[in-house]
Structures are given as C-alpha cells and as structure tokens.
Amino acid sequence: MGKLTIGCFSSLVGSLSLDFSVKLSEAAIQKGHTVDLWVSGNATMVSKKGQKAFKDYSFLAKKIQELVAAGNLKVTACEACAEARGYHKEDTMEGVKRFSMDWYLASSFTADRLLHIGGD
Amino acid sequence: MATKKLGFVIRTMPYKIEGSRLGMTHAISSQTVEIYLEDGDMVEPVVCFIGDGVLNCLKNQQAMKHYAITSLEQHIKNSLLLDLNVLICKEDIDKLGIKEDALIMDAEDIGGETNAKVVPYSEIQKAMESVDHLLFC
C-alpha cells in the first residue's frame, strides 16, 4: 500500500477544499494507504481544538480525530502560520503535530503521490 | 541517497491571496529539509511563475510600506540567493505587457549569484515533466 501526502492551504470556513482533503484522506485510508495531511496558511485552523459544529459549516474535527486515533493519518500544521493566527501550541487538537514548512517537503520525499491544494 | 524534485507552479497574484507567498516560503524551506531525511537525501525545488503569477516577479514592490509585511520581491531574491531555479513564463509577461527589465532577475544586492530565467512555456512544461511532484500554488 502507498503513502499519500496532501498539502492544503484553504480555509476551514469559506472553502470546501479542506473538506475535500479530509474526505480524500479517509477514502485513501479505507483503501489501506497511509496519509500525511499538511495544513498551512488558513488551513491550519482545522487543527485547532475546541471547534463547534454548526450545520452551515463543514465540521471536520471529529473525523480528523477519528482518523488520527486509528493511526493511518498524520496531521501536521505549519507552526508559523498557526502562531500568526493567534493559535498557539496549547490550542492544538490532540494528536496533531506542529512543525515548520520543511516537514511537508520531507513528507513529499517519501510520498508515492503528492496532492497539493493551493488556498485562498 | 536520492534527490526528489518538486515543482512549485505559482499562478496566483501577489498580495490578493496567500498562495504565492506560501509557494515561495515552502520552496525556500527545502534548505532545511535534511533534518527530517536520511543522510544524502535531498529535495530540490524549481519555482515556475505562470499566468497571473508572473506579477509576483515585478521589481520595486512596496509591501512593507503599504501592508507592513515582507514583499514577494524579497522572497524571490532569497530564492535566488539560495540558488533555486526560478523560471518566469515569457508568453505570460508578453501578454501582460511586462518587459524583462521590470522583473526581478537577480539578487546581486544581497549577494546572490543565480539569476531568474524568462523562458517560453515549453521550457516550463519540460521542468514540470522532470519533477517528482508538482505543487500548484
């Protein structure tokens, strides 16, 4: 089975690209692959804890936590992008890591496929 | 011991969204990626500006003055200082009426020795075909 690295820059609210990224991650995992999900720019907010579900917006926190807990999804947020948004280490969702951008490039090194979703 | 090539294809306008800035900062981060890799393994980026993305390459940007943020010009110069391969699409600058002397082609003022290259799209296509992974920003 392969490894898929997905990088996403799109916002949690206002774009459905992150929604797509998480659903694609889940589909890949169901097929037996492992997935690294790198969230940078506005996408970092998907890895913040304390999100509330509203019917008008995608609610991805629960799905991400389930996939991370099952062990086949690694979610890593861009540390600088997070800090710039007032989202600090203690605000990070359980199981999510925070690193600098070189982590994403390193993940791409061992990826069988890289899907990069530019943002807003 | 291996090298993986990454192609950053920057299509978005400067300052309107964060895409081009993130593309460049991610490409520049290739300089420190070794801390996560085995000895001898490397990541080699090529940065291609196409479409509206060529507007990122204009000289004399005043981002610090107007937005109090670093300019994309500085990021391009840093890329050249680090000897990254920077390609700018000739057809797209022609389409926008931009002359080559209006573009950031070098980083001599900060000690860079590598120049950006204005190339036909066919060269950018070749660069895209030569990489292991493409990242559209």
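Here the structure is shown first, and the text comes after it.
So, here is what we can say about the structure in this document.

About the cut-offs
Residues numbered from 1 in each chain as written. Chains lettered and ligands numbered in written order. Predicted model: local features only at pLDDT ≥ 70, side-chain atom pairs only at ≥ 80, totals over all residues. Heavy atoms only, no water. Patch = residues over 30% accessible without salt bridge, like charges linked within 9 Å, V, L, I, M, F, W, Y side chains within 5 Å. Areas by Shrake-Rupley, 256 points an atom, 1.4 Å probe, with all protein chains shown as cover. Salt bridge = Lys/Arg side-chain N within 4 Å of Asp/Glu carboxyl O. Helix = DSSP H or I, 4+ residues; strand = E, 2+ residues; numbered from the N terminus. Buried < 20%, exposed > 50% of the residue type's maximum accessible area, 1.4 Å probe, protein only. Contact = heavy atoms within 4.5 Å. Buried area = accessible area lost by both parts, 1.4 Å probe. Pairing = 2+ DSSP bridges. Axes fitted to C-alpha atoms, helices over the stretch in contact; angles between N-to-C directions.

**As for a nonpolar patch on the surface**
All names here are of chain A.
And step 1. On the surface, a cluster of nonpolar side chains totalling about 330 Å² of accessible area is made up of Val13, Phe54 and Tyr57.
And step 2. Along the polypeptide, Tyr57 turns up in the loop between strand 2 (34–39) and helix 2 (61–70).
And step 3. Since its relative accessible area comes to 47%, Tyr57 is described here as partly exposed.

**Overview of the pattern of salt bridges**
Residue and element names in this part refer to chain A.
And step 1. Evaluation of the coordinates by the stated rule reveals 12 salt bridges over all chains.
And step 2. The closest approach of N and O atoms between Lys23 and Asp19, which form a salt bridge, is 2.8 Å. Taken together, the residues span about one helical turn, with Lys23 and Asp19 both in helix 1 (residues 17–30) at a distance of four residues.
And step 3. The exposure class of Asp19 is buried, given its relative accessible area of 14%.
And step 4. Residues Lys63 and Glu26 are paired through a salt bridge, measuring 2.8 Å at the closest nitrogen-oxygen approach. In this pair, Lys63 sits in helix 2 while Glu26 sits in helix 1, placing the two residues 37 residues apart along the sequence.

**Topic: the interface of chain A and chain B**
And step 1. On the side of chain B, 27 residues touch chain A, which itself brings 25 residues to the contact.
And step 2. Of the roughly 1900 Å² buried at the junction of chain A and chain B (both faces included), carbon and sulfur atoms supply 70%.
And step 3. When the area that chain A buries against chain B is broken down by residue, the three leading residues are Asp102(A), Leu105(A) and Phe109(A), summing to 37%.
And step 4. The interface formed by chain A and chain B includes one salt bridge.
And step 5. Glu18(B) is the salt-bridge partner of Arg85(A), the closest N and O atoms lying 2.8 Å from each other.

**A look at the sheet that holds strand 4 (residues 97–99) of chain A**
Hydrogen bonding along the main chain pairs the strands of a sheet, whether they run parallel or antiparallel.
All names here are of chain A.
And step 1. One open sheet holds the five strands; their spatial order is 4-3-2-1-5, and the pairing between them is parallel. Two strands bound the open sheet, and with one partner strand each, they are strand 4 and strand 5 (113–117). Between one strand axis and the next, the sheet turns by 20° as a mean value, whatever way the strands run.
And step 2. Here strand 2 runs beside strand 3 (residues 73–78); their pairing, made up of five bridges, is parallel. The residue of strand 3 that forms the bridge with Trp38 is Thr76.
And step 3. Running over the sheet, helix 4 (residues 102–110) touches strand 1 (3–8), strand 2, strand 3, strand 4 and strand 5 and is turned about 150° from strand 1.

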